[in-house]
Amino acid sequence: MSYLLKLDDAEATSPELSGGKGASLARLRLWGFSVPDGFIVRSTAYIDFLGDSADLLRALESLPRGATPEEVSRVADRIRAHLRERVLPGGLVDEVTAVLQGELEVAPFSVRSSATLEDLHQAAFAGAHDTFLNCRGAEEILAKIKACWISLWNPRAIAYRRERGFGQLEASMAVVVQRLVFCEVAGVGFSLDPVSSNLDHLVIDANFGLGESVVGGEAQVDHFVLDKRSLHVIERRVALKTHMVVAAERGTTSCCVPPESAGGPCLNDEALQQLGSLLCRVEARAGFPQDIEWGYSGGELYLLQARPVTTIAPHWTRDESAERFPNVITPLTWDLVEEGFHRSLNDSFSRMGFPPFSGKWFALHGCYVYGNQNAVRLYAGRSVMAPRSFDDLRQAIPVMRRQYAWVQELPVHWARDLDHYLIGIGMLLSEPLADRPLKDVWDFVLRVRQLGSDYFLPNIAISITQGSLYRLMHHLLEMVFGEEGRNLFDALLAHCDTKTGMINRELFQLAALARNDPELVRELSEVSSRKLLEGGLLQRFARFGQAFEKVLSDHGHREIDFDPYHPTWLEAPWFVLDQLRLILHNPPEQTPRERERTARIEMLQAEARLLAAFPEDLRFFAMEMVRLTRAYTTLDDLEHYQTTRITLPFRKGLRELGRRLVDLGVIADPMEIFFAPFCDLDQAVERNDPLLWAALSRTIQVNKNAYLEARQHSPVWDPDGAAPVEPVTENGDLLRGLPGSPGVAEGPVCIVTGEADFARFPPGAVLVARTTSPAWTPLFYCAAAVITESGGPLSHGAVTSREMGIPAVMGVRHLFERVRDGMRVRVNGKEGVVQRIS
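Residues numbered from 1 in each chain as written. Predicted model: local features only at pLDDT ≥ 70, side-chain atom pairs only at ≥ 80, totals over all residues. Heavy atoms only, no water.

*Asks:* Would you mind going over the overall build of the protein in detail, with residue names and values included?
*Replies:* Counting its secondary structure elements, the protein contains 32 helices and 24 strands. Relative to the 2.2 N^0.38 estimate, which gives 28 Å for 838 residues, the radius of gyration of the protein is 32 Å and therefore close to what a compact globule would have. Its C-alpha atoms put the protein at 100 × 75 × 60 Å along the principal axes. Burial statistics for the protein: of 838 residues in total, 52% are counted as buried. Expressed as a percentage of contacts within the protein between residues at least 6 apart in sequence, the contacts between residues at least 24 apart total 69%. (Helix = DSSP H or I, 4+ residues; strand = E, 2+ residues; numbered from the N terminus. Rg over C-alpha atoms; globule rule 2.2 N^0.38 Å. Buried < 20%, exposed > 50% of the residue type's maximum accessible area, 1.4 Å probe, protein only. Contact = heavy atoms within 4.5 Å.)

Below you can see the structure in the form of structure tokens.
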């Protein structure tokens, strides 16, 4: 087998063969973007080069989690020294030498590491491995290929893998060898604002020369923000650019920017619009926000790299959560639910072929649940295929069948696993708890959570799929029928068999039964539902009572509120009687059965119109879309109905646990247990320490008071937008730069001028540097914040800060003259402001 793959080869799009960077470049070439030509050294060449070195590599796996950087570095040094002595596979030498013949023998190339774990959605590995520019001839290029392989074992790359939870033996390396483009201007671009995560903005950093000065953060850069829709420039910061990176006879060198160009922009508006268009097209083709490297050479724009944005800050609003979680939530409920919900997110995304999601979709703020609107837009709001004609649709259908095959499979998988869930709930409900030890009762609660979490795994995919089908159906109908398509959509979905509809029919029948007995109607009209039930209503009206008990037996798990702190129908049957009272006092013009018949006739007529408008060869597709949209409407409702069954065993276990806490004097009422944080409760049960129980009692009371207070007020809709911004005054204590990573942090300054200063860097300090490089990554793990004198929001320091979740401000001019070691500063990474405190 050949060790080399052409960039144009479809096989090169496999990350296992080409690494993350190589696979990305191959996809971009196949998609038609202007990517310089070249070839990829397969990862199999690295495996053959490694030979029998695996035992040496395992020394890294045996290092304890808390190994010091010095211990890791010693092992890494031994590995690299060993690999430098190894000989390249003979077949690789022959192939590379054969390719680099003729004019290519003296042509300039870049040689770039492309690790198989690199440029993934969950990990960028930005700058962790080596890249070499302006390499010429087979001998030099082969030497740089070997150097790329060895860089897989740089301490910074090892530290990154350890931090992100990747096994060291999982790491492998392909190498990209590409024609070098001698750029007059180059830089990076994000198809969102990487600091604020504003999805409507494009961000571009640029400098003269090659892009290394921008990526590495070694120089001042021009910074532009564009509106994604109009591509108009909405922010322009032109730097005094003093240095740029250019190609030398071999490799690269840094030189001065000509004085006449240093203070002017390196990109005009026409070039910015061209770059903005490129960013939008790459994002649309990849289906997710992208971070690209680009360069202009001879007036032509080249795409040099594209990778998914790995860190997107949340934007918390009530848009996504107000309907699902309208009321305050108790802390224990949220702690028990949240893990399962976010576990379901990534299982669902995996089924759907979406990128993994490492952040939070929902979070609790002030006892209310808020949704991450950025995540909603990126995942639930992903654009569906939008054909503009029947011919477009014919071409799109084969792609849709492949890309959305899971849409047909998902209902089957969900139904297959339903029995296990239902049987598990039955067993839990029948399990006696009264005489069990405290730890066993808590274990019961944990088993309930696990069962619910396992059942819920595919359920978010169901909800997202339903939304996607609705959008696609709307688009297809409007494409064919214009504005009338909206009405036709409503007619096609006029009736779907849902569990909610079935229960409503049962309640209607129960109300009809009550209406036959005037005395019962009078009782229901004049006496409160709770008082009627406590007074023995069901015994006095036997036939009605039997039917009512049947409804409670079948659907008693139905929730009154999402939070299982509140009782279900079974425990609050007066709630069902209140619904019957409404039906009795407001009888509909049609019975549910009559409405269903009318709706089915309307649906049949709409189907006839649909079939008449679609060409014969597309009618099956049209009706399949209708069928799937109806099926997912039914499934989404049924999934929710079955999900709420878990409330009964949850309340059973927590009520029993609450009783034990009442006996211990921790709480006054068993249901106050819902105000306990999960971790505190888990620790108290495990250790059964009086001090822990006392602390838990105080925490529960504080949380209950906060809950009762929050319940009295409506939540702020957009806390990010509505939160007051602390005013800052232009004075000598205020330093301004470019936003690099959002967040606010305080700490003492520690100025780091080079690796010699690493040893004295104290945890919790603010890292102040001219710039940072990938070798500085270990400092980010213990820094409170980062400030640099050069670079921009897309430099290594900013990218790494965002991945680490620490604030960063970049490009603060005269930084070293304005701060000193030990000075306390407050860093506001979102605003790009540093305030000297003392």
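*Asks:* I'd like to hear about the packing of aromatic side chains, residue by residue, with values.
*Replies:* The full count for this structure, using the stated rule, is 23 aromatic pairs. Considering the side-chain rings of phenylalanine 675 and tyrosine 707, the 5.1 Å spacing of their centres and the 70 degrees angle between planes classify their relative orientation as edge-to-face. Note that phenylalanine 675 is positioned in the loop between helix 26 (647-663) and helix 27 (678-687) and tyrosine 707 in helix 28 (residues 690-710), a separation of 32 residues in sequence. By way of ring pairs, the aromatic residues Phe325, Trp334, Phe341, Phe362, Phe456 and Phe562 are connected into one cluster. (Phe/Tyr/Trp six-rings, centres within 6.5 Å; stacked < 30°, edge-to-face > 60°.)

*Asks:* Can you lay out the sheet that holds strand 16 (residues 368-372) for me, pointing to particular residues and giving the numbers?
*Replies:* With antiparallel pairing, the 3 strands of this open sheet are ordered in space as 14-16-15. Two strands bound the open sheet, and with one partner strand each, they are strand 14 (316-317) and strand 15 (362-365). Pairing analysis gives 4 bridges linking strand 15 to strand 16, with the strands arranged antiparallel. Bridge pairing in strand 16 places histidine 365 opposite tyrosine 368. The strands that helix 12 (residues 373-380) touches are strand 14 and strand 16; relative to strand 16, the one it contacts most, it runs at about 50 degrees. (Pairing = 2+ DSSP bridges. Axes fitted to C-alpha atoms, helices over the stretch in contact; angles between N-to-C directions.)

*Asks:* Which residues make up the environment of serine 24, and what are the values?
*Replies:* Structurally, the position occupied by serine 24 is in helix 1 (residues 15-30). Given a relative accessible area of 6%, serine 24 falls into the buried group. Here the alpha-carbon distance between serine 24 and alanine 511, two residues 487 residues apart in the chain, equals 63 Å. Filtering out sequence-adjacent residues up to four positions away, serine 24 remains in contact with Gln305 and Ala306. One polar contact links serine 24 to glutamine 305, side chain to side chain, over a distance of 3.3 Å. At a separation of 2.5 Å, a polar atom in the side chain of serine 24 contacts the main-chain carbonyl oxygen of alanine 306. (Polar contact = N/O pair within 3.5 Å; in protein donor to acceptor, adjacent residues only side chain to side chain.)

*Asks:* Residue-level account of the sheet that holds strand 12 (residues 290-297), with values.
*Replies:* If you trace the 6 strands from one edge of the open sheet to the other, you get 9-8-7-6-12-13, paired in antiparallel fashion. Both outer strands of the open sheet, strand 9 (233-237) and strand 13 (300-308), are each paired with one neighbouring strand and no more. Across the sheet, the mean angle from the axis of one strand to that of its neighbour is 20 degrees, orientation sign disregarded. Where strand 7 (residues 201-208) and strand 8 (residues 222-227) come together, 6 bridges link them in antiparallel fashion. Paired with leucine 202 across the two strands is leucine 226, which belongs to strand 8.

*Asks:* Help me get a handle on the environment of serine 197, residues and values and all.
*Replies:* Along the chain, serine 197 falls in the loop between strand 6 (185-190) and strand 7. Residue class for serine 197 comes out buried when judged on its relative accessible area of 1%. Measuring from C-alpha to C-alpha, the distance between serine 197 and arginine 471 comes to 25 Å, with 274 residues separating the pair along the chain. Beyond its immediate chain neighbours, meaning those up to four positions away, serine 197 contacts Ile312, Ala313 and Asn374.

*Asks:* Tell me about the pattern of salt bridges, and name the residues and values.
*Replies:* Enumeration according to the criterion identifies 41 salt bridges in this entry. Put simply, arginine 307 and aspartate 291 hold a salt bridge, and the shortest N to O gap is 3.1 Å. Here aspartate 291 lies in strand 12 and arginine 307 lies in strand 13, a separation of 16 residues in the sequence. By relative accessible area, which is 11% here, arginine 307 ends up buried. Residue classification places aspartate 291 among the buried positions, given a relative accessible area of 9%. Residue arginine 351 pairs with aspartate 347 through a salt bridge whose shortest N-O separation is 2.7 Å. (Salt bridge = Lys/Arg side-chain N within 4 Å of Asp/Glu carboxyl O.)

*Asks:* An account of the state of the cysteines is needed here, citing residue identities and associated values.
*Replies:* Within the structure shown, the criterion is met by 0 disulfides. For the unlinked cysteine cysteine 256, the closest cysteine sulfur is that of cysteine 255, found at 6.9 Å. (Disulfide = S-S within 2.5 Å.)

*Asks:* Tell me about unusual backbone geometry, and name the residues and values.
*Replies:* At serine 197, a position not held by glycine, the phi torsion is positive, near 60 degrees. Notably, asparagine 688 is not glycine yet its phi reads approximately 50 degrees, a positive angle. Note on placement: asparagine 688 falls in the loop between helix 27 and helix 28. The partly exposed category is assigned to asparagine 688, whose relative accessible area is 47%.

*Asks:* I'd love a proper account of the packing of helix 14 (residues 406-430) against helix 25 (residues 619-643), names of residues and values included.
*Replies:* Helix 25 packs onto helix 14 with a crossing angle of 25 degrees between their chain directions and a minimal axis gap of 11 Å. With respect to helix 25, the element helix 14 is oriented roughly parallel. In the packing of helix 14 onto helix 25, the handedness of the crossing is left-handed. On the side of helix 14, the interface is formed by Trp406, Val407, Gln408, Leu410, Pro411, Trp414, Leu418, Tyr421 and Leu422, while helix 25 contributes Glu624, Arg627, Leu628, Tyr632, Leu635, Leu638, Glu639, Gln642 and Thr643. Tallied by class, the residues present in the contact of helix 14 with helix 25 amount to 12 nonpolar, 3 polar and 3 charged. (Parallel < 35°, antiparallel > 145°, perpendicular 65-115°, else oblique. Left-handed = near helix turned anticlockwise from the far one by under 90°. Nonpolar A, V, L, I, M, F, W, Y, C, P; charged D, E, K, R; others polar.)

*Asks:* Outline the environment of glycine 371, supporting the account with residue identities and numerical values.
*Replies:* Within the secondary structure layout, glycine 371 lies in strand 16. By relative accessible area, which is 0% here, glycine 371 ends up buried. Linking glycine 371 and lysine 360, residues 11 residues apart in sequence, is a C-alpha distance of 8.4 Å. Aside from chain neighbours lying at most four places away, what touches glycine 371 is His315, Trp316, Thr317, Glu320, Ser321, Trp361 and Phe362.

*Asks:* A description of empty space enclosed by the protein should follow, citing residues and the corresponding values.
*Replies:* Under the definition given, this model contains 3 cavities of 30 Å³ or more. Quantified by volume, the largest cavity comes out at close to 170 Å³. Along the wall of the largest cavity there are 19 residues; nearest its centre are Arg112, Leu180, Val181, Glu212 and Leu304. Those elements giving two or more residues to the lining of the largest cavity turn out to be strand 3 (109-115), strand 5 (173-179), strand 6, helix 8 (212-215) and strand 12. Here the lining of the largest cavity gets 3 residues from one element, more than from any other, and that element is strand 6. When grouped by side-chain class, the residues that make up the lining of the largest cavity number 11 nonpolar, 4 polar and 4 charged. (1 Å grid on protein atoms, 1.4 Å probe; cavity = no way out; pocket = protein on both sides within 12 Å on 5 of 7 lines; lining within 4 Å. Points joined across faces, edges and corners; volume = space filled by probe spheres on them.)

*Asks:* Let's hear about helix 15 (residues 438-456): which residues, and what values?
*Replies:* With 19 residues, helix 15 ought to run about 27 Å at 1.5 Å a step, and its terminal C-alpha atoms sit 27 Å apart, in line with that. Taken together, the buried positions of helix 15 are occupied by Leu438, Val441, Trp442, Phe444, Val445, Val448, Arg449, Leu451, Gly452, Ser453, Tyr455 and Phe456. (Expected span 1.5 Å × (residues − 1).)

*Asks:* I'd love a proper account of the nonpolar core, names of residues and values included.
*Replies:* Grouped together as the largest cluster of nonpolar side chains are 99 residues, with contacts concentrated most on Trp361, Leu492, Leu661, Ile673, Leu681, Trp693 and Leu696. Counting residues per element, this core draws most heavily on helix 16 (residues 459-481), which supplies 10 residues. Among residues more than four places away in sequence, those in contact with leucine 661 are Val666, Ile667, Ile673, Leu681, Trp693 and Leu696. (Core = buried A, V, L, I, M, F, W, Y, C linked by side-chain atoms within 4.5 Å.)

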